[in-house]
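# Overview (structure and organization)
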Amino acid sequence: PAAHASALRRSEGADSSGVRRIYAFYAKHQEDSINVHQEPQQVMQNLVASSWWRNFELDVFPLATFKGFKDVVLNCTQRNVVLAYFGGHAGNGGELCFNDDEDMLMLGPAYVAPPIADASKEASTREGGGTIECVVLNACNTRPLGVALRERGVLHVVCWRHAVRDDLAKIFAE
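Let me begin by describing the structure that accompanies this report. (Residues numbered from 1 in each chain as written. Predicted model: local features only at pLDDT ≥ 70, side-chain atom pairs only at ≥ 80, totals over all residues. Heavy atoms only, no water.)

## Points about the overall build of the protein
Quick note on the threshold: Counting from the N terminus, the helices are DSSP H or I runs at least four residues long and the strands are E runs at least two residues long. Each residue gets one of three labels from its accessible area relative to the maximum for its type: buried under 20%, exposed over 50%, partly exposed in between, using a 1.4 Å probe on protein chains only. We call two residues in contact when some of their heavy atoms are within 4.5 Å.
Looking only at helices and strands, the protein has 7 helices and 7 strands in total. When the elements of the protein are put in sequence order from the N terminus, they spell out α-β-α-β-α-α-β-β-β-α-β-α-β-α. Going through the 174 residues of the protein one by one, you find that 48% of them count as buried. Of the contacts formed within the protein by residues at least 6 apart in sequence, a portion of 67% connects residues at least 24 apart.

## Examining the nonpolar core
Nonpolar side chains in soluble globular proteins tend to end up buried together. The condition that has to hold: For the purposes of this section, nonpolar cores are sets of buried Ala, Val, Leu, Ile, Met, Phe, Trp, Tyr and Cys residues that join through side-chain atoms within 4.5 Å.
Judged by nonpolar contacts, the single largest core of 30 residues is most densely connected at F25, F69, F86, V112, V135 and L149. Filtering out sequence-adjacent residues up to four positions away, F86 remains in contact with F25, F69, L96, I116, V135, V136, L137, N138 and A139. Listed in part, the 11 residues of the second largest apolar core include A24, L58, Y85 and A173.

## Some points on the packing of helix 5 (residues 109-118) against helix 6 (residues 143-151)
Heads up, the rule is: Here an axis means a line fitted to C-alpha atoms, over the contact stretch when the element is a helix, while the angle between two N-to-C directions is reported on a 0 to 180 degree scale. To sort the angles, those under 35 degrees are grouped as roughly parallel, those over 145 as roughly antiparallel, those from 65 to 115 as roughly perpendicular, and the leftovers as oblique. In this scheme the crossing of two helices becomes right-handed for a clockwise turn of the near helix relative to the far one and left-handed for an anticlockwise turn of less than a right angle. Each residue is assigned to one class: nonpolar for Ala, Val, Leu, Ile, Met, Phe, Trp, Tyr, Cys and Pro, charged for Asp, Glu, Lys and Arg, and polar for all the others, Gly among them.
It is at 9 Å that the axes of helix 5 and helix 6 come closest, and there the two elements cross at 40°. It follows that helix 5 is oblique to helix 6 by the angle criterion. Like other packed secondary-structure pairs, helix 5 and helix 6 cross with a definite hand, here right-handed. Residue-level contacts link P109, V112, A113, I116 and A117 of helix 5 to P144, L145, A148 and L149 of helix 6. Looking at the contact of helix 5 with helix 6 residue by residue, the classes come out as 9 nonpolar, no polar and no charged.

## Quick look at the packing of aromatic side chains
The condition that has to hold: When the centres of two rings from Phe, Tyr and Trp lie within 6.5 Å, Trp using its six-membered ring, the rings pair. Their planes under 30 degrees apart give stacked, over 60 give edge-to-face, and anything left gives tilted.
For the structure shown, the criterion picks out 5 aromatic pairs. Consider the rings of Y23 and F61, whose centres lie 5.1 Å apart with planes at 75°: the pair is edge-to-face. Residue Y23 is located in strand 1 (residues 20-27), and its partner F61 is located in strand 2 (residues 56-62); the two are separated by 38 residues in the primary sequence. By relative accessible area, which is 0% here, F61 ends up buried. With centroids separated by 5.6 Å and ring planes inclined at 65°, the aromatic side chains of F69 and F86 adopt a geometry described as edge-to-face. Of the two residues, F69 sits in helix 3 (residues 66-74) while F86 sits in strand 3 (residues 81-88), which places them 17 residues apart along the sequence. The pair F69 / F86 is uniform in exposure class, with both members buried.

## Focus: the pairing of strand 3
Here is the rule: Any two strands between which DSSP finds at least two bridges are classified as paired.
The buried fraction of strand 3 amounts to 7 of the 8 residues, a majority that puts the element mostly inside the structure. Pairing analysis gives 5 bridges linking strand 3 to strand 6 (residues 134-138), with the strands arranged parallel. Residue pairing in the sheet places Y85 in a bridge with V136 of strand 6.

## Thoughts on helix 5
Considered for burial, the residues of helix 5 that qualify are P109, V112, A113, P115, I116 and A117. Looking at the buried positions of helix 5, the neighbouring elements they touch are helix 3, strand 3, strand 4 (96-99), strand 5 (104-107), strand 6 and helix 6.

## What about the side chain of N141?
Short version of the rule: Counting of polar contacts relies on pairs of N or O atoms within 3.5 Å, with two restrictions inside protein: one atom must be capable of donating a hydrogen and the other of accepting it, and residues adjacent in sequence are counted only when both atoms are side-chain atoms.
Along the chain, N141 falls in the loop between strand 6 and helix 6. One polar contact links N141 to N92, side chain to side chain, over a distance of 3.1 Å. Within the local environment of N141, its side chain forms a polar contact with the backbone nitrogen of A163, the two atoms lying 3.3 Å apart. Not counting residues up to four positions away in its chain, the partners in contact with N141 are G91, N92, G93, G94, W160, R161, H162 and A163.

This is the structure we're talking about:
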């Protein structure tokens, strides 16, 4: 999608401004009530209204594909991304939902945790280290992925132990 391509272009160059970034990834089932465009706009409005916002920039990746997610996460260190946020749908075992050209793809901790951990501040094996300090998994049943991220060294993880209604997850995001 065009929004993802635009956000990806912004994430390709190195950032020497010292601005701390938040990357927000959204994906959904066709039948989900989650609005992957409206929810990030509301989150951004709330952040901009807060006094501490001047220290952050928010890049949103609606309808994220797994390939797009991995490509963007590779650039987290250069862009000084300190928080990765995932909103949308997840499976019972902590699988995150990613969109692809034709359908939806559910990928579990074994696929999703390594690229995130490698971009994290404490667990990165990259030259120069990583920058992600916190991962927010705002989707049902994401505790298995949260545990996998903590086991891989991610400093802070926020996740849901059980199913959560979409309206409550939206309030939490705001």
